[in-house]
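Letter by letter, the chains look like this.
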Amino acid sequence: MNARAPFGEVGDETFALASSVPASSWHDGLIDNGSELLAEEVPVALVYNGISHAVMLASPQDLEDFAVGFSLSERIVRAAQDVREVEVEAGPNGIALAIGIAPGAMARLKATRRARLGQTGCGLCGIDSLAWFEREMAQNDPRDGDVCETDGLFAPHALQRAMAAMAGQQRLHQATGAMHAAGWADRDGHLLLVREDVGRHNALDKLVGALARAGIDAGDGFALVTSRASFEMVQKAARAGIGLLAAISAPTAMAVRLADRAGLTLAGFVRAGRHVVYTHPRRLRPDAVAHGT
């Protein structure tokens, strides 16, 4: 693969979204010495009112969307209006997102940091984190957003149409083969927004942030992800007020349990001509004949 490396603008700095590296490819017994275009991942620090909260490895694009979406999906803020400003600052070792948030949101963040000491960006570690996780599951409803409860809102073919359109919008994935994507489609399955990232959680956060910054009601359409549907992905979708999450791969069992409790319609294996609905099928119109029991 000898494609030109794409770049992203971060303030006055330019960061490569992908880089060409020497590589030998083997195909049917023949070796081709050339180069391959690989996705870049950059340390991105999320700094709230001057206090560093987390460092994530992410693709250096759509970072304002990432800042807002991460803040919403992690419950650091309850509304996009609580994010007063986002400054993207490039440095020699990575990128800092200086995020200004409302005083009430900052107070909640400080309390959360004390309660969740030891949690990593993906998964949990330590006894304190496991105790926090049990409390979160038992006490907190994941629905911070107003999830649309309308029955028959989407036709089944809308999922197929939107997922089929995703590939054509994943430009970085086409170039590198290493990117995840999250998209948002309207009720008829027309794909209106797509965000890409090396991390599937990051891609969904970027999508949530893009919806919030554009003032789009997430419940008026549905979200799609080019990955499995894990617990965290369902949680992020429910907190954003998304009523239907469609994944190209399978969900986990914990994700299905959370989707059921959150009132979210969860579909997996969304591919040409098929999908599997695991929870709350009422949002999909019964356009097909049932063959199972």
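Reading the values: the criteria
- Position numbers for residues count from 1 along each chain, tracking the sequence in the order it is written.
- With pLDDT at 70 or above as the cut-off, local features in this predicted model cover only qualifying residues; side-chain atom pairs require 80 or more to be listed or tallied, and sums for whole chains, interfaces and linings still use all residues.
- Excluding hydrogens and water, the side-chain values take into account all heavy atoms of the structure.
- Note on geometry: axes are lines fitted to C-alpha atoms, helical ones only across the stretch in contact, with angles between N-to-C directions running from 0 to 180 degrees.
- Per the convention used, a helix needs a DSSP run of H or I reaching at least four residues, while a strand needs a run of E reaching at least two, with both numbered from the N terminus.
- Roughly parallel here means an angle under 35 degrees, roughly antiparallel means over 145, roughly perpendicular means 65 to 115, and every remaining angle is called oblique.
- Left-handed describes a crossing whose near helix is turned anticlockwise from the far helix through less than a right angle; right-handed describes the clockwise counterpart.
- Note on contacts: a residue pair is in contact if any heavy atoms of the two residues lie within 4.5 Å.
- Here the term charged refers only to Asp, Glu, Lys and Arg, the term nonpolar to Ala, Val, Leu, Ile, Met, Phe, Trp, Tyr, Cys and Pro, and the term polar to all other amino acids, Gly among them.
- Should DSSP find at least two bridges between two strands, the strands are regarded as paired.

**With respect to the packing of helix H7 (residues 231–239) against helix H8 (residues 253–262)**
Two numbers describe a pair of packed helices, the interaxial angle and the distance between the axes.
Part 1 of the reasoning: At their nearest, the axes of H7 and H8 sit 8 Å apart, and the two run at 20° to each other. With respect to each other, H7 and H8 are oriented roughly parallel. As H7 packs across H8, the resulting crossing turns out to be right-handed. When H7 is examined against H8, the residues Phe-231, Val-234, Gln-235 and Ala-238 are found in contact with a partner set consisting of Met-254, Ala-255, Leu-258, Ala-259 and Ala-262.
Part 2 of the reasoning: Classifying every residue of the contact of H7 with H8 by side-chain character gives 8 nonpolar, 1 polar and no charged.

**A short note on the sheet that holds strand E14 (residues 274–279)**
Part 1 of the reasoning: Here we have 6 strands laid out as an open sheet, ordered E10-E9-E11-E12-E13-E14, and mixed in their pairing. The open sheet has two edge strands, strand E10 (191–197) and E14, and neither has a second partner. Between one strand and the next, the sheet's axes are offset by a mean angle of 20°, whatever the strand orientation.
Part 2 of the reasoning: Taken together, the 4 bridges between strand E13 (residues 265–271) and E14 define a ladder with antiparallel strand orientation. Paired with Ala-267 across the strands is Val-277, a residue of E14.
Part 3 of the reasoning: Where helix H6 (residues 200–214) meets the sheet, its contacts fall on strand E9 (180–186), E10 and strand E11 (221–225), and the angle it forms with E10 comes to roughly 140°.

**Some thoughts on the environment of Ala-18**
Part 1 of the reasoning: Looking at the element boundaries, Ala-18 is found in strand E3 (residues 18–27).
Part 2 of the reasoning: Separated by 22 residues in sequence, Ala-18 and Glu-40 place their C-alpha atoms 4.9 Å apart.

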